[in-house]
Amino acid sequence: GAVVSQHPSWVICKSGTSVKIECRSLDFQATTMFWYRQFPKQSLMLMATSNEGSKATYEQGVEKDKFLINHASLTLSTLTVTSAHPEDSSFYICSVQRGAGETQYFGPGTRLLVL
Amino acid sequence: AQSVSQHNHHVILSEAASLELGCNYSYGGTVNLFWYVQYPGQHLQLLLKYFSGDPLVKGIKGFEAEFIKSKFSFNLRKPSVQWSDTAEYFCAVRPGNTPLVFGKGTRLSVIA
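Predicted model only: the values in this text are computed from it and were never measured. (Residues numbered from 1 in each chain as written. Chains lettered and ligands numbered in written order. Predicted model: local features only at pLDDT ≥ 70, side-chain atom pairs only at ≥ 80, totals over all residues. Heavy atoms only, no water.)

A few points about the packing of aromatic side chains
Across all of its chains, the model carries 13 aromatic pairs over all chains by this definition. Relative to A:Tyr105, the ring of A:Phe28 has its centre 6.2 Å away and its plane inclined at 65°; by these criteria the two rings are edge-to-face. Separated by 77 residues along the polypeptide, A:Phe28 in the loop between β3 (19–25) and β4 (32–38) and A:Tyr105 in strand β10 (residues 104–106) bring together distant segments of the chain. Since its relative accessible area comes to 8%, A:Phe28 is described here as buried. With a relative accessible area of 24%, A:Tyr105 lands in the partly exposed category. Pairing A:Phe106 with B:Tyr36 gives two aromatic rings, centres 5.0 Å apart and planes at 85°, and the pair type is edge-to-face. Residue A:Phe106 is found in strand β10, and its partner B:Tyr36 is found in strand β5 (residues 31–38); the two belong to separate chains. On the accessibility criterion, A:Phe106 (4% relative accessible area) is buried. Through a chain of ring-to-ring contacts, the aromatic side chains of A:Tyr36, A:Phe106, B:Phe34, B:Tyr36, B:Phe51, B:Phe90 and B:Phe102 assemble into a single cluster. Over the aromatic face of A:Phe91 sits the side chain of A:Arg111, whose NZ or CZ is 4.4 Å from the ring centroid. (Phe/Tyr/Trp six-rings, centres within 6.5 Å; stacked < 30°, edge-to-face > 60°. Helix = DSSP H or I, 4+ residues; strand = E, 2+ residues; numbered from the N terminus. Buried < 20%, exposed > 50% of the residue type's maximum accessible area, 1.4 Å probe, protein only. Lys NZ or Arg CZ within 6 Å of the ring centre and 35° of its normal.)

Spelled out as structure tokens, the structure:
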């Protein structure tokens with residue numbers, strides 16, 4: 001199976017700062033990467049879908065200027081939470097997919113705490 | 001609205017008991033179906049998936065799931081649970097070529 005890494009695994013930051021989270025597909029080139037958000041004891045909510053070399057597609061209600069996604073290569077996607085606030089504290093999980101219709105594999109997640 | 005429903009929020013079983021976790025979806029047309037597991041402190045792992053063919057799917061660790069198209073269901077089963085099966089279980093559906101949509105999850109607690 002695929003191995004997906006995320007860095008950092010957890011981060012604590014002050015309100016107003018920006019935080020960058022990296023997601024790497026280690027086993028294959030991922031044409032599509034997804035970013036999810038998981039609140040405590042709740043399900044994963046899709047934030048955005050990105051394809052390498054093109055702009056990300058954001059789900060309804062997700063601010064694209066606040067959650068910047070850069071799919072720099074077929075193995076790397078970054079999510080930047082800009083001007084983070086306490087309500088952005090959550091567990092952010094990336095997922096990779098080799099090609100359309102194939103299985104999604106998930107990263108270990110990044111826990112963000114904004115003070 | 002289109003959705004994925006997991007009816008049980010929290011299931012508590014004794015070791016060796018049989019398990020069935022319900023999952024229903026409301027999408028029409030072709031769907032791919034998945035069950036993921038999240039052990040405490042770990043990331044999501046794929047248990048099994050259904051794309052086509054035999055509606056009874058065997059997964060890892062003795063889990064299986066049955067796709068019943070007429071009931072829009074994809075229930076997860078295991079004949080005899082172990083303490084190590086304690087985890088959160090997520091049903092996910094992919095309508096067509098769209099991203100996965102997850103159910104709210106079912107927490108399974110297995111007591112010795």
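Digging into the interface of chain A and chain B
Across the boundary between the two partners, chain A contributes 19 residues, which contact 18 residues of chain B. Summing the contributions of chain A and of chain B, the shared interface buries around 1400 Å²; its carbon and sulfur component is 56%. Broken down residue by residue, the surface that chain A buries against chain B is led by A:Ser43, A:Thr103 and A:Phe106, which jointly contribute 33%. If you look at where chain A meets chain B, you find seven residue pairs in polar contact (both at pLDDT 80 or more). Mapped by element, the contributors of at least two residues to the side of chain A that touches chain B are β4, β5 (44–51), β9 (90–97) and β10 of chain A. Looking at the side of chain A that touches chain B, its residues break down into eight nonpolar, nine polar and two charged. (Contact = heavy atoms within 4.5 Å. Buried area = accessible area lost by both parts, 1.4 Å probe. Polar contact = N/O pair within 3.5 Å; in protein donor to acceptor, adjacent residues only side chain to side chain. Nonpolar A, V, L, I, M, F, W, Y, C, P; charged D, E, K, R; others polar.)

Read these as geometric descriptors, not functional statements.
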